[in-house]
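Chain and residue survey
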Amino acid sequence: MNNYLAKSNPRETIQVHTDKLLTNYELLKNLYPNLLPNWDILKYACIYHDLGKMNLKFQSKIEGRKKYPDEIAHNFLSLAFLNTKELKEKFSDDEIKLLAQAVAYHHDRGDYDADNYEEEIELIKKESKNFQYDKVTITRIKKISVKYFSNNRIYGDEKEFLDYVMVKGLLNRLDYAASADIPVEIQNDFLLNGLENFRIKNKFKWKELQMFMKENQNNNIIAVAQTGMGKTEAGLLWIGDNKGFFTLPLKTAINEIYKRITENIITVKNRQSVGLLHSDTYTKYLENREEYMDVEDYFIKTKQMTLPLTICTLDQIFDVVFRYRDFEPKLATLSYSKVVIDEIQMYSSDLLAYLILGLLYITEIGGKFAILTATLPEIIIDLLKKERIQFIKPDKAFVNNMIRHSLKVENKVINADMIAENYEDNKILVICNTVKKAQEIYEKLIKNEELTKKCKNINLFHGKFIKEDRKEKEAEIVVMGKLESNQKGIWVATQVIEASLDIDFDLLFTELSDLNGLFQRMGRCYRKREFDKEGYNCYVFNGGEKQCSGVGRVIDEKIFELSKDALKNQNGKITEVEKLELINSVYTTEKLKNSKYYTEVLDNIKYVKSINEYELDKAEVRKRFRNIDSITVIPKSVYENNKEVIQEKICILGKKSKIPEERKTLREEKILALEKIKNFMVSIHYNEGKDRVIDKININKYETLNILDCEYSKEKGVTFLKKTQDKKRGSDKNPFD
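Residues numbered from 1 in each chain as written. Predicted model: local features only at pLDDT ≥ 70, side-chain atom pairs only at ≥ 80, totals over all residues. Heavy atoms only, no water.

**A short note on the overall build of the chain**
Our working definition: The numbering of helices and of strands both runs from the N terminus, where a helix is a DSSP run of H or I of at least 4 residues and a strand a run of E of at least 2. Our radius of gyration is a C-alpha quantity, and the globule rule it is checked against amounts to 2.2 Å times the number of residues to the power 0.38. The rule is simple: take the accessible area with a 1.4 Å probe, protein chains only, and divide by the maximum for that residue type; under 20% is buried, over 50% is exposed, in between is partly exposed. The contact criterion used throughout is that any non-hydrogen atoms of two residues lie within 4.5 Å. Each accessible area is a Shrake-Rupley result for a 1.4 Å probe, and residues are judged covered by the shown protein chains and nothing else. Just so you know, the count uses Lys and Arg for positive and Asp and Glu for negative, and it drops His and the chain ends. A charge is said to be at NZ when it belongs to Lys, at CZ for Arg, at CG for Asp and at CD for Glu.
Scanning the chain for helices and strands turns up 33 helices and 21 strands. Relative to the 2.2 N^0.38 estimate, which gives 27 Å for 737 residues, the radius of gyration of the chain is 29 Å and therefore close to what a compact globule would have. Dimensions along the principal axes, computed over C-alpha positions, put the chain at roughly 90 × 60 × 50 Å. Looking at the chain as a whole, 57% of its 737 residues qualify as buried. When contacts within the chain are restricted to residue pairs at least 6 apart in sequence, those whose partners lie at least 24 apart make up 77%. Per element, the accessible surface of the chain, about 33300 Å² overall, is 46% carbon and sulfur. Separation of charge centres in the chain, based on 120 positive and 115 negative side chains, amounts to 1 Å.

**Looking at the sheet that holds strand β10 (residues 427-431)**
Strands belonging to one sheet form pairs held by backbone hydrogen bonds; the direction of such a pair is parallel or antiparallel. Stated precisely, the cut-off is as follows: Between any two strands, pairing holds if DSSP finds at least two bridges. A fitted line through C-alpha atoms serves as each axis, taken over the contacting stretch for helices, and the angle formed by two N-to-C directions is quoted from 0 to 180°.
If you walk across this open sheet you meet the seven strands as β11-β12-β10-β13-β14-β9-β15, and the pairing is mixed. Looking at strand neighbours, the two that pair on one side only are β11 (458-461) and β15 (571-574), the edges of this open sheet. Looking at each pair of strands side by side, their axes are set apart by 20 degrees on average, direction ignored. In this sheet, strand β12 (residues 489-493) lies alongside β10 in parallel orientation, the contact comprising five bridges. From the neighbouring strand, Leu429 faces β12, where its bridge partner is Trp491. Where helix α22 (residues 467-481) meets the sheet, it contacts β10, β11 and β12, and its direction lies at approximately 135 degrees from that of β12. The strands touched by helix α25 (residues 576-586) within the sheet are β9 (405-410) and β15, with β15 carrying the most contacts at an inclination of about 110 degrees.

**Remarks on the pairing of strand β4 (residues 243-247)**
When you tally the buried positions in β4, you get five out of five residues, the bulk of the element. Taking every second residue as pointing to the same face, both faces of β4 are buried, with Lys243, Phe245 and Thr247 on one and Gly244 and Phe246 on the other. As paired elements, β4 and strand β7 (residues 337-342) share five bridges and run parallel to each other. Within the sheet, the bridge partner assigned to Thr247 lies in β7 and is Ile341. Bridge count for β4 against strand β6 (residues 309-312) is four bridges, and the pairing is parallel. The partner of Phe246 across the bridge, within β6, is Ile311.

**Observations regarding the sheet that holds strand β18 (residues 693-698)**
Taken in spatial order, the four strands of this open sheet run β17-β16-β19-β18, and their pairing is mixed. Looking along the sheet, the strands with just one partner apiece sit at the ends: β17 (682-685) and β18. Averaged over all adjacent pairs, the angle separating strand axes in this sheet is 45 degrees, with direction ignored. Bridge count between strand β16 (residues 630-635) and strand β19 (residues 704-708): two bridges; the pairing is parallel. By the bridge assignment, Pro635 is partnered in β19 with Leu708.

**Quick word on helix α11 (residues 231-239)**
Among the nine residues of α11, nine are classified as buried, and the element is accordingly described as predominantly covered. When we look at burial in α11, the residues that qualify are Lys231, Thr232, Glu233, Ala234, Gly235, Leu236, Leu237, Trp238 and Ile239. Just beyond α11, the residue with positive phi is Gly240, at close to 60 degrees.

**Digging into the packing of aromatic side chains**
Let me state the cut-off plainly: Note on ring pairs: Phe, Tyr and Trp rings are taken, using the six-membered ring of Trp, and paired if centres are within 6.5 Å. Classes follow the plane angle, with under 30 degrees stacked, over 60 edge-to-face and the rest tilted. Lysine NZ or arginine CZ positioned within 6 Å of the ring centre and within 35 degrees of the ring normal marks a charge as sitting over the ring.
Taken as a whole, this structure holds 25 aromatic pairs when the rule is applied. Centre to centre, the rings of Tyr105 and Phe149 are 5.7 Å apart; their planes meet at 50 degrees, and the pair counts as tilted. Linking Tyr105 in the loop between α6 (93-104) and α7 (117-128) with Phe149 in the loop between α7 and α8 (158-180), this pair joins segments that are 44 residues apart in sequence. For the residue pair Tyr105 and Phe149, the accessibility class agrees, reading buried in each case. A ring pair is formed by Phe509 and Tyr539, whose centres lie 4.7 Å apart and whose planes are at 5 degrees; its orientation type is stacked. Of this pair, Phe509 sits in strand β13 (residues 507-511) while Tyr539 sits in strand β14 (residues 538-541), and the two are 30 residues apart along the sequence. Across this residue pair, the class does not change: Phe509 and Tyr539 are buried. Aromatic ring contacts, followed pair by pair, group Phe76, Tyr105, Tyr112, Tyr117 and Phe149 into a single cluster. Seen from the ring of Tyr112, Lys143 lies directly overhead, with NZ or CZ sitting 5.2 Å from the centre.

**Overview of the confidence of the model for the chain**
Inclusion rule: For every residue, the predictor states its confidence as a pLDDT score lying anywhere from 0 to 100.
On average, residues of the chain carry a pLDDT of 91, and 96% of them reach 70 or more. Scored below 50 in pLDDT, residues 723-737 makes 25 contacts in the model with residues more than four places away or belonging to other chains.

See the structure below:
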């Protein structure tokens, strides 16, 4: 009696599992008492959601015996336990519908309209006689009336839909937490105290921006602040002792903020209350593991959004805009969360569209947001207002009078000779718009004999290095880029360093991309120093009669021309206020309304709104959200040089174990093995790789190694054959090179 299983690994009965849900239910209710208008609906959903597992076909499957192809999914069978006649004494018809929908779709699988549905109900009636549980009184079991459920997700209005999202989403959160044997939420009772102790320890006062954010914790905020204004601390003060998500564009920046918070701002005791969420989370946790740390537990809590504060990429939470199957737990969590968006100007047209819609959904369901950014194009404000998103904005930007940059606009194509001439035992950063242009400039610099006699440190950094080399180069450029570093030399790079690295060079030579990109790049030169000399420290090449590389492909042509025109009279020192004025003069809706960028933003918003709820699954959404038009490959020479190591790691990925203790250890081994293989990989545009993949090797059930026919070196990264050689291979020269 009462031995019906809800789970098999570890073995857990329906009663034990449901009790775990109810324990977490009380935890959630105590932490957020005003979250739901009717907490009893959620409680009933917790109690009844798994009763359908009493059917013997499910029990046979979960015990590892026979699987039945005509098994009815337990989520639909659980509906039969809802006695709507009794429920009407406590709830309205709409509330009963809400309860039924949440129970039926807490898993999105199965066929409610199967021919044998009523037959299965009759069979489960017999089993229910063997079930005793003090939380449940089973008075009848029958197919629920179509008045309350008809296998169609139909919601009369927005409120009804959001009510469903809350109940179903929180039921999922409670269910996942119970299955993982973790708390559904960990209270944030440490962040404000940690920030205050950090301030006292370092003997400083909160800056104007930080005080503004602290005083406006209950508002949605958009604030513009230059480097050095303490945006990270400002965002954390705004989150306060609430559940928060801190989003940044790039993993490198996320890792740095995570490290800063966990090592400098909060105590060791609370370190595992702050999560790191991106595609390499588990590996990062393994790298930073301390003796007391249970990496598996920490990772599960991070993925299940249990932690009070999570530092993450945009796609980890804003993919809810696609309303894919099983999106509700995430949006329900955001209803009581505060979300910080750092550097909004860094996002492409598609990501900006998703961000704006995401902020709409967050505010509609009760969450709050704060945008902290170095520059704020007017077009973004107009797009937010267009969606009727409420926010406050301070009357002024948070900038100081320190002049960091003196700008020289060169009306010509970027010039390697000019870079060489300006090397005088200093630190020079060169930024190009495309990998191909960066490789070209690098080649010219290392072939300049006069330069190489006095400069022994010339390096190249871009996105087409394998992961292992990229991490090494990233570390090297950070070392040279530290203000106190005595290293001298030249780094040629692409936009991969625009906002990801805290570096400070003496001189910047850059192609013009657009004003936003330019000012991001200038932030890598004299980052926190005042420029009190004669001459210039930033040289911008606008292409002259020609266009800079990447314009029309990776850079919007209209925005490029407007940026070029705005800079035509710029010569000499430029203040932070002047930078913002230039931004405001270019990025207006009126000027950009016919640009490809603005059109793409509007089209993406329109497209996402047109998608029906539950039309897409999560895997498809992740592809669309990340705009995955790339392919991950291993250059042929890298594969051949590391073949034995790769094969060894593939063997580890194929290992299996049924022993729980071994499985945990094996999981770590497999993740480290996969990470080792990924260290040899590089992501390139799909069009670059589609005709050059010469072999495919399966490394596990889901992933394949694509071996790429290309040239590769640690100095230059991926390069392709010349045009004449390509034609011999039967392939046109790729436009993305």
